[in-house]
Amino acid sequence: MADSSVLQIVIFRDGTLVGTEVFMPGAYTLGSDAGCELVLADAAVASAQAVLAFKEGRVGLENVGPSGAVQVNGQAIGRVEVRSIDDVAIGPFLLKFKVVGQKKPVAARPAAAPAPAPAPAPVAAPPPAGP
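Predicted model only: the values in this text are computed from it and were never measured.

Visitor: What's the story with the sheet that holds strand E6 (residues 58-63) in this structure? I'm lost.
Guide: Hydrogen bonds between backbone atoms are what pair the strands of a sheet, whose relative direction is either parallel or antiparallel. In spatial order, the strands read E4-E3-E5-E6-E9; together these five strands make up an open sheet with mixed pairing. Either end of the sheet is taken by a strand with one partner, and the two such strands are strand E4 (38-39) and strand E9 (79-82). As paired elements, strand E3 (residues 26-31) and E4 share two bridges and run parallel to each other. Residue leucine 30 lies in a different strand from E4, and its bridge partner there is leucine 38.

Visitor: Would you take a moment to explain the pattern of salt bridges for this structure?
Guide: Two side chains carrying opposite charge are able to pair once their charged atoms lie near each other. For the coordinates displayed, the defined rule picks out five salt bridges. Arginine 13 is the salt-bridge partner of aspartate 42, the closest N and O atoms lying 2.4 Å from each other. Taken together, the residues span a long stretch of sequence, with aspartate 42 in the loop between E4 and strand E5 (50-55) and arginine 13 in strand E1 (residues 6-13) at a distance of 29 residues. With its nearest N and O atoms 3.0 Å apart, the salt bridge here joins arginine 83 to aspartate 86. Residue arginine 83 is classed as partly exposed on the basis of its relative accessible area of 47%. In this structure aspartate 86 comes out as buried when scored by relative accessible area, which is 2%.

Visitor: Help me out: how do you make sense of the sheet that holds E1 in this one?
Guide: Here we have six strands laid out as an open sheet, ordered E2-E1-E11-E10-E7-E8, and antiparallel in their pairing. Strand pairing shows two members of the sheet lacking a second neighbour, strand E2 (16-23) and strand E8 (75-76), which therefore form its edges. Sheet topology places strand E7 (residues 70-72) next to E8; two bridges connect them, and they run antiparallel. Note on E8: the bridge partner recorded for glutamine 71 is alanine 76.

Visitor: Help me understand the environment of glutamate 21 in this model?
Guide: Structurally, glutamate 21 is set in strand E2. The class of glutamate 21 is partly exposed, set by a relative accessible area of 35%. Leave out the neighbours within four places in its chain, and glutamate 21 touches Leu7, Gln8, Ile9, Ile11 and Leu38.

Thresholds applied
- In this numbering scheme, every chain counts its residues from 1 along its sequence in written order.
- Reporting of local features is limited, given that this is a predicted model, to residues whose pLDDT is at least 70; pairs of side-chain atoms are given and counted only at 80 or more, and all residues count toward the totals for whole chains, interfaces and linings.
- Hydrogens and waters are ignored; side-chain quantities use all the structure's heavy atoms.
- For two strands to be treated as a pair, DSSP must find no fewer than two bridges joining them.
- Here a helix means four or more residues in a row that DSSP labels H or I, a strand means two or more in a row labelled E, and each is numbered from the N terminus.
- Salt bridge, as used here: a side-chain nitrogen of Lys or Arg that lies within 4 Å of a carboxyl oxygen of Asp or Glu.
- Buried residues are those whose accessible area, probed at 1.4 Å on protein chains only, stays under 20% of the maximum for their type, while exposed residues exceed 50% and partly exposed ones sit between those limits.
- Contacts were defined at the residue level, with two residues in contact if any of their heavy atoms lie within 4.5 Å.

Take a look at the structure:
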């Protein structure tokens, strides 16, 4: 079955919302270089700071830049699985991750058959002819 989920990343800088990005399953580079899939433009962020892997609804994050520059919940990381409750800090940026799953389409139910028409009323027989 194909992975139908998407990853939404909400980006804050110094406590102010600066944007959101949405990613399909795959691998992405985060950093200050314009060639990164998620650009975090700041001198405190390496050109290629981290690699994000999103597959089957799970998010992995690996610091590939200077040691200690990526933190999850205040702890420097090497490689970690990120959950929606985690705070990911890279330089002055705070990232919040949310996996959004797409529900399978529900098959339409067949329309109910119309109620049968009422049976016709019986026709009364004509009265017998008199003598």
